[in-house]
Amino acid sequence: MRLEQYLHPDRTLVLEGVSDRDDLLVRLAEAAATAGVDSVELQASLLDRESRAPTSTPEGVAFPHALLESVEDTVVVAALAPGGVRLGKADHPPSDVIFCMVGSAKAPWDHVRLLARLARIARGPGALERLRQARSGAELYEELVREDRAHG
């Protein structure tokens, strides 16, 4: 499974001035709406998921995700949040690299495989540093495509 097929320049963003977790989730849901996802439904699902178990990692990456009955095709929103956003884990740094996924509740294994792909890309040597250098959504998109291709 390749990440590239799920990436879209309109959903690859640098989010300046994100105030907190809820603001981040709203912005991610709004970006997913460009692919036909119900932003209100997604927002509620992401908030519920983060409230139960934050998706941040000790490396400053977050993987907010949801499975929705109303979604047919998986949508990925990739974002940088300069300065980071705390997603709830006190022992994790604020997340500044965010991969938001919304998938079909009818295909949960596709969702799990894509999450694993994103995690492998993020763990690649130097990958996070290269991603964090992006100054625009276009640069982030290009770097993600390069990282995806480098991982076979």
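For the structure itself, consult the block above.
In this numbering scheme, every chain counts its residues from 1 along its sequence in written order. A pLDDT threshold of at least 70 governs which residues receive local features in this predicted model, and a stricter bar of 80 or more applies before side-chain atom pairs are shown or counted, although totals over entire chains, interfaces and linings include all residues. As a convention, hydrogens and water are excluded, and side-chain values are obtained from all of the structure's heavy atoms.

(A) Examining the pattern of salt bridges more closely. One side-chain nitrogen of Lys or Arg within 4 Å of one carboxyl oxygen of Asp or Glu is enough to make a salt bridge. Applying the stated rule across the entire model yields 13 salt bridges. Across the salt bridge formed by Arg2 and Glu4, the nearest N and O atoms sit 3.7 Å from each other. The shortest N-O distance in the salt bridge between Arg149 and Glu4 comes to 2.7 Å. You can see Arg149 sitting in helix H5 (residues 137-150) and its partner Glu4 sitting in the segment before strand E1 (12-14), a full 145 residues away along the chain. The exposed category is assigned to Arg149, whose relative accessible area is 52%. Three or more residues are tied together by salt bridges with common partners; here these are Arg2, Glu4, Arg117, Asp148 and Arg149. A run of DSSP states H or I qualifies as a helix once it reaches four residues; a run of E qualifies as a strand once it reaches two. Both are numbered from the N-terminal end. Only protein chains enter the calculation, and the probe is 1.4 Å; a residue is then buried if its accessible area is under 20% of its type maximum, exposed if over 50%, and partly exposed in between.

(B) A look at the packing of aromatic side chains. Planes of paired rings set the category: under 30 degrees apart is stacked, over 60 is edge-to-face and the rest tilted, where pairs are Phe, Tyr or Trp rings (Trp by its six-membered ring) whose centres lie within 6.5 Å. In this structure the tally under the stated criterion is 1 aromatic pair. With 5.8 Å between their ring centres and 25° between their planes, Phe63 and Phe99 make a pair best called stacked. With Phe63 in the loop between strand E2 (61-62) and strand E3 (65-68) and Phe99 in strand E5 (residues 95-104), this residue pair connects regions lying 36 residues apart in the sequence. Under the relative-accessibility criterion, Phe63 is labelled buried at 12%.

(C) Structural view of the nonpolar core. Here the nonpolar core consists of buried residues drawn from Ala, Val, Leu, Ile, Met, Phe, Trp, Tyr and Cys, with membership extended through side-chain atoms lying within 4.5 Å. Counting 25 residues, the largest nonpolar core has Leu24, Leu28, Val37 and Leu42 as the members making the most contacts within it. Elements with a contribution of two residues or more to this core: helix H1 (21-33), helix H2 (39-52), E3, strand E4 (75-85) and E5. Counting residues per element, this core draws most heavily on H1, which supplies 6 residues. Whether two residues are in contact is decided by their heavy atoms: any pair within 4.5 Å suffices. If near-sequence neighbours (up to four positions away) are discounted, Leu28 is found in contact with Leu15, Pro64, Val77, Ala79, Ile98 and Cys100. Core analysis: the second largest hydrophobic core is formed by 22 residues, Phe99, Met101, Leu114 and Leu118 among them.

(D) How the structure looks around H2. With 14 residues, H2 extends 20 Å between its outermost C-alpha atoms, agreeing within 8% with the 20 Å of an ideal straight helix rising 1.5 Å per residue. Every buried residue belonging to H2 is among Leu42, Leu46 and Glu50, and all of these are buried. Summarising the axial view, the buried residues of H2 lie within an arc of 60°, below the 170-degree limit, and thus occupy one face. Projecting away from the buried face of H2 at angles above 90 degrees are the exposed residues Val40 and Arg52. Looking at the buried residues of H2, the elements they touch are H1, E3 and E5. The definition of a polar contact used here is a pair of N or O atoms within 3.5 Å, where within protein one atom must be able to donate a hydrogen and the other to accept one, and adjacent residues in sequence count solely through side-chain atom pairs. Between the side-chain oxygen of the N-cap and the backbone nitrogen of Val40 there are 2.9 Å, and the N-cap of H2 in question is Asp38. One less than the residue count of a helix, multiplied by 1.5 Å, gives the span that helix is expected to have. Starting at the helix axis, one direction is taken to each C-beta atom, and the arc is that of these directions.

(E) View of H1. Over its 13 residues, H1 extends 18 Å from the first C-alpha to the last, a length consistent with the 18 Å expected when each residue adds 1.5 Å. The complete set of buried residues in H1 reads Asp23, Leu24, Leu25, Leu28, Ala29, Ala31 and Ala32. Against E1, H2, E4 and E5 lie the buried residues of H1. Where H1 begins, the side chain of Asp20 points an oxygen toward the backbone nitrogen of Asp22, at a separation of 3.2 Å.

On their own, these measurements won't tell you what the molecule is for.
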